[in-house]
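Below are the chains, spelled out letter by letter.
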Amino acid sequence: MPEDSIDHIDFDDLKKRAISQPLVEHIYTADPSAHVFDGRIYIYPSHDIDAGDAFDDLGSHFAMEDYHVISLDAPGAPAIDHGCALHVNDVPWAERQMWAPDANEKDGKYYLFFPAKDYDGIFKIGVAIGDKPEGPFKPEPEAIKGSFSIDPAVFKDDDGKYYMYFGGIWGGQLQRWRAGVFNASEPESPVAHLPADDEPALCAKVARMTDDLLQFDEEVRDVLILDESGNPLLSGDTDRRFFEASWLHKYNGKYYFSYSTGDTHFLCYAIGDNPYGPFTYGGRILNPVVGWTSHHSICEYDGKWYLFYHDSVLSKGVTHLRSIKMVEINYDENGKIITLDPYK
Ligand code: FUB
């Protein structure tokens with residue numbers, strides 16, 4: 001829901017009607033990537049701050065500087081903030097805008113994957129390593145070779161292979177990489193370089209990770225989303241096409257690629273038979289929340305499935321001051337995710 005349409009909203013009423021409440025209220029948090037490590041839920045969110053930057057369609061107002069890890073012993077338990085786990089000042093290659101992160105575990109080490117703009121203003125994706133799920137994390141000196149754009153999500157498949165999904169259009173710069181190199185040729189505009197409405201939409205990206213989880217182990221590939229007739233979703237299909245916020249989970253042996261439609265504010269999913277896809281559009285997970293962005297993760301705990309998401313109700317609609325939330329989701333007998341409305 002765009003910020004300019006919030007004047008009429010009764011936020012006290014909306015808070016009562018919300019299907020879940022913020023997990024923490026002492027800081028603003030967003031873009032929650034959740035995993036279960038050692039029987040606990042660990043959430044890797046963005047840490048929203050008001051740095052005073054004006055709202056624009058490139059997301060300049062999302063000027064985050066650090067990450068805090070949040071954990072819960074179980075659904076419904078108090079959420080614990082473990083403090084600053086990584087600050088942009090400690091990342092040699094990164095200058096600003098620490099956007100949506102993710103993390104994963106391998107052989108007792110924990111890896112935080114995060115996007116940030118480098119000193120040329122170009123988003124890259126970095127890795128930082130810790131001994132505990134909550135950090136602190138020590139960053140690698142360079143960004144991942146060949147990485148670009150935003151919103152990394154790292155999925156571990158049952159065979160022990162790890163895959164990074166990433167990308168985001170508009171402020172996430174994915175459209176500037178269509179030729180394989182960063183296109184700096186025109187003034188920055190969120191819609192310059194995008195395909196025409198009747199052309200296939202830009203795809204999220206995926207690459208298998210090296211055994212040490214520090215690099216891509218192959219050429220980056222497209223995450224193709226098809227419609228019910230087997231055709232790629234079109235760029236003009238803004239209610240369904242990929243915008244940002246990739247996530248991958250496996251349910252009943254099928255691969256569910258989920259994402260945000262950005263400017264139309266839906267969380268959607270598509271189903272495939274392997275980590276690379278193609279994926280066939282399946283439907284909506286969550287209808288629009290208060291706040292421009294919608295971002296999420298999906299994670300199983302004790303046989304139940306949970307959606308982690310955010311909204312801007314606590315800040316009374318401020319786009320860049322969001323709060324992470326969690327709610328149970330359900331699948332029907334055909335494996336379709338039952339769509340949730342964030343407010344009753
Ligand atoms: O939090 C900054 C950006 O907003 C994220 O990277 C996007 O997914 C959107 O939530």
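Here, every reference points to the structure presented above.
Peer 1: Got a minute to help me understand the overall build of the chain in this structure?
Peer 2: Along the chain, the regular secondary structure elements total one helix and 21 strands. Here the chain has a C-alpha radius of gyration of 18 Å; the compact-globule value for 344 residues is 20 Å, and the two agree. Counting only C-alpha atoms and orienting by the principal axes, one finds that the chain spans roughly 50 × 45 × 45 Å. Across the 344 residues in the chain, those meeting the buried criterion constitute 60%.

Peer 1: I keep staring at the state of the cysteines and nothing clicks. Help me out?
Peer 2: Two cysteines form a disulfide when their sulfur atoms are joined by a covalent bond. Tallying each qualifying case throughout the model produces zero disulfides. As a non-bridged cysteine, C268 has C203 as the owner of its nearest cysteine sulfur, 15 Å distant. The exposure class assigned to C268 is buried, which follows from its relative accessible area of 0%.

Peer 1: It is not clear to me how the packing of aromatic side chains should be interpreted in this structure. Could you clarify?
Peer 2: Throughout the structure, instances matching the rule amount to 27 aromatic pairs. Ring geometry for W93 and F114: centres 5.8 Å apart, planes at 15 degrees, overall stacked. Placement of the pair is W93 in the loop between β4 (80-87) and β5 (94-96) and F114 in strand β7 (residues 109-118), with a sequence separation of 21 residues. Per residue, the accessibility class of W93 equals that of F114, and both read buried. In textbook terms, an aromatic cluster arises when at least three aromatic residues are bridged by ring pairs, as seen for F148, F166, W177, F182 and F216.

Peer 1: Explain the pattern of salt bridges here, please?
Peer 2: Side-chain pairing between opposite charges can occur once the charged atoms of the two side chains come close. Tallied over the entire structure, the rule returns 20 salt bridges. For D217, the salt bridge goes to R208, with nearest N and O atoms at 3.4 Å. A salt bridge links R240 to E228, with the shortest nitrogen-to-oxygen separation between them at 3.2 Å. Note that R240 is positioned in the loop between β14 (225-226) and β15 (244-251) and E228 in the loop between β14 and β15, a separation of 12 residues in sequence. Residue E228 is classed as exposed on the basis of its relative accessible area of 62%. A cluster of three or more residues bridged by salt bridges with shared partners is formed by R208, D217, E218 and R221.

Peer 1: Explain the pairing of β15 here, please?
Peer 2: Regular strands show a simple pattern: their side chains alternate between the two faces of the sheet. With seven of its eight residues buried, β15 lies for the most part within the structure. Note that β15 and strand β16 (residues 254-260) share six bridges and pair antiparallel. The residue of β16 that forms the bridge with H249 is Y256. Between β15 and β16, which pair antiparallel one after the other, the connecting turn spans two residues, and N252 there sits at a positive phi close to 50 degrees.

What counts as what
Residues numbered from 1 in each chain as written. Predicted model: local features only at pLDDT ≥ 70, side-chain atom pairs only at ≥ 80, totals over all residues. Heavy atoms only, no water. Helix = DSSP H or I, 4+ residues; strand = E, 2+ residues; numbered from the N terminus. Rg over C-alpha atoms; globule rule 2.2 N^0.38 Å. Buried < 20%, exposed > 50% of the residue type's maximum accessible area, 1.4 Å probe, protein only. Disulfide = S-S within 2.5 Å. Phe/Tyr/Trp six-rings, centres within 6.5 Å; stacked < 30°, edge-to-face > 60°. Salt bridge = Lys/Arg side-chain N within 4 Å of Asp/Glu carboxyl O. Pairing = 2+ DSSP bridges.

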